[in-house]
Structure formats: structure tokens, C-alpha cells
Amino acid sequence: MRLDYAGPLPEPVGFLLVPRFSMMAFFSAVEPLRIANRLAGRALYRWLLISEDGQPVTASNDMTLLVDCGLADAPSLPTLAVCAGFEPERDLSRRLSQWLHRQASEGCLLGGIDTGPLILAEVGLLDGHRLTLHWESLPAFRERFPGLDAVESLFEIGARRFTCAGGAAAMDMTLSMIASRHGQDLADAISEQLIHARLRPRQDHQRLPLAKRLGTHRRPLVDAVALMEQHLEQPLSMTALSERIGLSLRQLQRLFLEELGKRPRDYYLELRLDRARHLLEETDRDILSIGLACGFSSASSFSRAYRQRYAQAPSDARRPGAAPSSPTNDRGQ
């Protein structure tokens, strides 16, 4: 998958499997390579599965995969993808951090799939590189790494790094890399084999268009929700919102009730609380700062609203191990 690969075929590609990795994203990256070999009539690629200790790895769907080797006996690779899923920082150890840095220093093209970019960012290997990761993890990622250029595209491929959002986006990324190395005709043929009707470009959005998510094409409603999503930290008043989309306050209320069955104020509050829940689960920020980031003026007002929606305190929403650890702290995998 390395665009400037000049070594012998089959080209080796490594996949580092982190516990609770996304099985779908992993298979979406590997299957195009397998089909490329079959359609080309020769082995263009071979893949190597790696875990930190060489032991089998269980994915987020509770299926377990055997691996080929551990870090200690992994060969030098021209390309390596870090495949992760839920809570990847829990499995970041000093040994893994040092190994990744060694791969980078030896010229390996490093990539992250799904939340794999979080591991690369945590050890300082994404500085100066544009990246993407799963949309659900993007807000927390941007909070944690404000200096990194994290975008909501399907995938990003650079000279030294590649990242993708996971899921089916891993297939689009791999097909794009195959096309660059072996031609668009081969990538199109692989796509047909996968019943993948359209090779999506990297700049496609990860999520469904807002109108489709809302189940309506009424432009004022779509515009209103888009404004809400853009102003979670400093919420707009209902009066300001209605003025921006050219409706009266009464018309705005009626529009939301007719289309979504909720008052605009209630819908807006749910958006802010949903974002707060993601930040609570995926970052170690204190509860007050999360509340402020989601438009609440105090910890008490945030806690009260959170309890009313989720029937638990914000502190109870913390996942075990949610607080990221230092990459220099061996957590004894």
C-alpha cells in the first residue's frame, strides 16, 4: 500500500491489532488486498498480523484473531496500520510507544484505522500531519490534541502517514492506495467484487447528510440544526436562532414539533448533552470544563441536566481507564 514502494512483490503490509479493535475496519482494509492478488493473477500484497505480545487479540465484537508475531519478533515493514477501536489508550505501553517510534525512524509508512490515529497522536507521531478518525471520536480528539489538524474526511494519505475513519472507509482508503500503485482499473474491478458500488473520494463526509439524518428536506430545519451543532459551546438563544434562519420564534417552535416532535430548546439541549457524554467517556477532562465546553454555566447546572437525561451523574459516565496515561508509563499489558 505504500505509494513509493520499490521492493520485491508481494509488498508486505503490517497490521498492529490493539485489543478491542474494530473487526469491520480491519477486514475492510485487508479484503481488497486479497482480491487484488486474485484478480492480478499474482501476489501483489502479503499481510502480517501483529500484537504487542504475540498472543491472539480479541476485537470489539468479541471475536479473537490469531496473529503472526509480537513486537519483539516483527520484521521491518514498509507499511504498518494501527487498528484500534474502543479505548485504545488503555493498551498504550512504553514498549509499544518505543516500537512505533523505531518503525517511524526506519522509514515505515505509519497509519491508523478507526481510533488507531489516537495512539499515533499520543506518542507524538502525527505532529505536522493532516489526519482523520471516526467521527464519534473527533470532538474528544480535537479537545485533547488542539495542535493537530484533524478533519472529518473518510481517509487521509500523505507521504509518511495515512489515517482513516474506520468501517467501510478503510475499504475506500485501501482501494485508493491500490489504484495509485497498480492502476484504477484494478481498483474498480476489486470494488465490483466487493459489491462496493462507488469508490468514495477521501473528502466525502463520514456521516449521512444532515437532511437524511433528520428525515426531512425542509431547509429551515436543516439550517437550524446545523447552527445548533456549530454552537454547542456557546449556545444561541432561540430568538437568535430563529432570526438567522428567517423564521419567527413561533414558526421555529412549530417546525421542530411537526418534524422532530420536540421543542427546539429541548433538541438543542440533547445535542449538547450527547457531546458531553462523548467527552466524559473519551477524555480525562474535569466535569466542570466539559460542562462549559457544552454550553453550561456551572457544574451544578450541567450535572442536573445530565442526570435528567441519562439518569446518572456525569461522574458515573466515566468508563474504566478513560483517563489517558503517559506513553512512557508501562501499564503492564
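To be clear, the structure that these remarks concern was listed above.
Values in this document were obtained by computation on a predicted structure and should not be read as measured data. (Residues numbered from 1 in each chain as written. Predicted model: local features only at pLDDT ≥ 70, side-chain atom pairs only at ≥ 80, totals over all residues. Heavy atoms only, no water.)

Here we look at the layout of surface pockets
- A volume near 840 Å³ is recorded for the largest pocket.
- Residue lining of the largest pocket: 24 residues in total, with P139, E152, R207, E229 and L232 positioned closest to the centre.
- When residues of the lining of the largest pocket are traced back to their parent elements, those giving at least two are α4 (138-144), α7 (210-214), α8 (219-230) and α11 (264-282).
- A per-element tally of the lining of the second largest pocket places α11 first, with three residues.
- A per-class count over the lining of the second largest pocket returns nine nonpolar, ten polar and eight charged. (1 Å grid on protein atoms, 1.4 Å probe; cavity = no way out; pocket = protein on both sides within 12 Å on 5 of 7 lines; lining within 4 Å. Points joined across faces, edges and corners; volume = space filled by probe spheres on them. Helix = DSSP H or I, 4+ residues; strand = E, 2+ residues; numbered from the N terminus. Nonpolar A, V, L, I, M, F, W, Y, C, P; charged D, E, K, R; others polar.)

Let's talk about the pairing of strand β7 (residues 109-114)
- Among the six residues of β7, six are classified as buried, and the element is accordingly described as predominantly covered.
- By the bridge criterion, six bridges tie strand β6 (residues 79-84) to β7 in an arrangement that is parallel. The partner of T79 across the bridge, within β7, is L109.
- Of the pairings in the sheet, the one linking β7 to strand β11 (residues 161-164) comprises four bridges and is parallel in character. In the strand pairing of β11, G111 is matched with F162. (Buried < 20%, exposed > 50% of the residue type's maximum accessible area, 1.4 Å probe, protein only. Pairing = 2+ DSSP bridges.)

Points about the packing of aromatic side chains
- By the definition in use, this model includes eight aromatic pairs.
- With a centroid separation of 5.5 Å and 85° between ring planes, the pair formed by F15 and F26 is classed as edge-to-face. Residue F15 is found in strand β1 (residues 11-17), and its partner F26 is found in helix α1 (residues 23-40); the two are separated by eleven residues along the sequence.
- Owing to a relative accessible area of 0%, F15 belongs among the buried residues under this scheme.
- Their ring planes at 45° and their centres at 4.9 Å tell us that F141 and F145 sit as a pair that is tilted. (Phe/Tyr/Trp six-rings, centres within 6.5 Å; stacked < 30°, edge-to-face > 60°.)

Let's talk about the sheet that holds strand β2 (residues 45-51)
- Across the sheet, which stays open at both edges, the seven strands sit in the order β5-β2-β1-β6-β7-β11-β10 with mixed pairing between neighbours. Edge positions in the sheet fall to β5 (69-70) and β10 (155-157), since each of these pairs with one other strand and no more.
- Relative to the sheet, helix α2 (residues 94-105) contacts β1, β2, β6, β7 and β11, its axis offset from that of β6 by approximately 150°. (Contact = heavy atoms within 4.5 Å. Axes fitted to C-alpha atoms, helices over the stretch in contact; angles between N-to-C directions.)

Topic: the pairing of β6
- Counting buried positions along β6 gives six out of six residues, so the element sits mostly inside the fold.
- Strand direction decides the pairing type here: β1 and β6, joined by four bridges, are parallel. When the bridges of β6 are listed, L16 appears paired with V82.
- Traced from β6 through α2 to β7, the parallel crossover comes out right-handed. (Right-handed = clockwise from strand over helix to strand, strands pointing away.)

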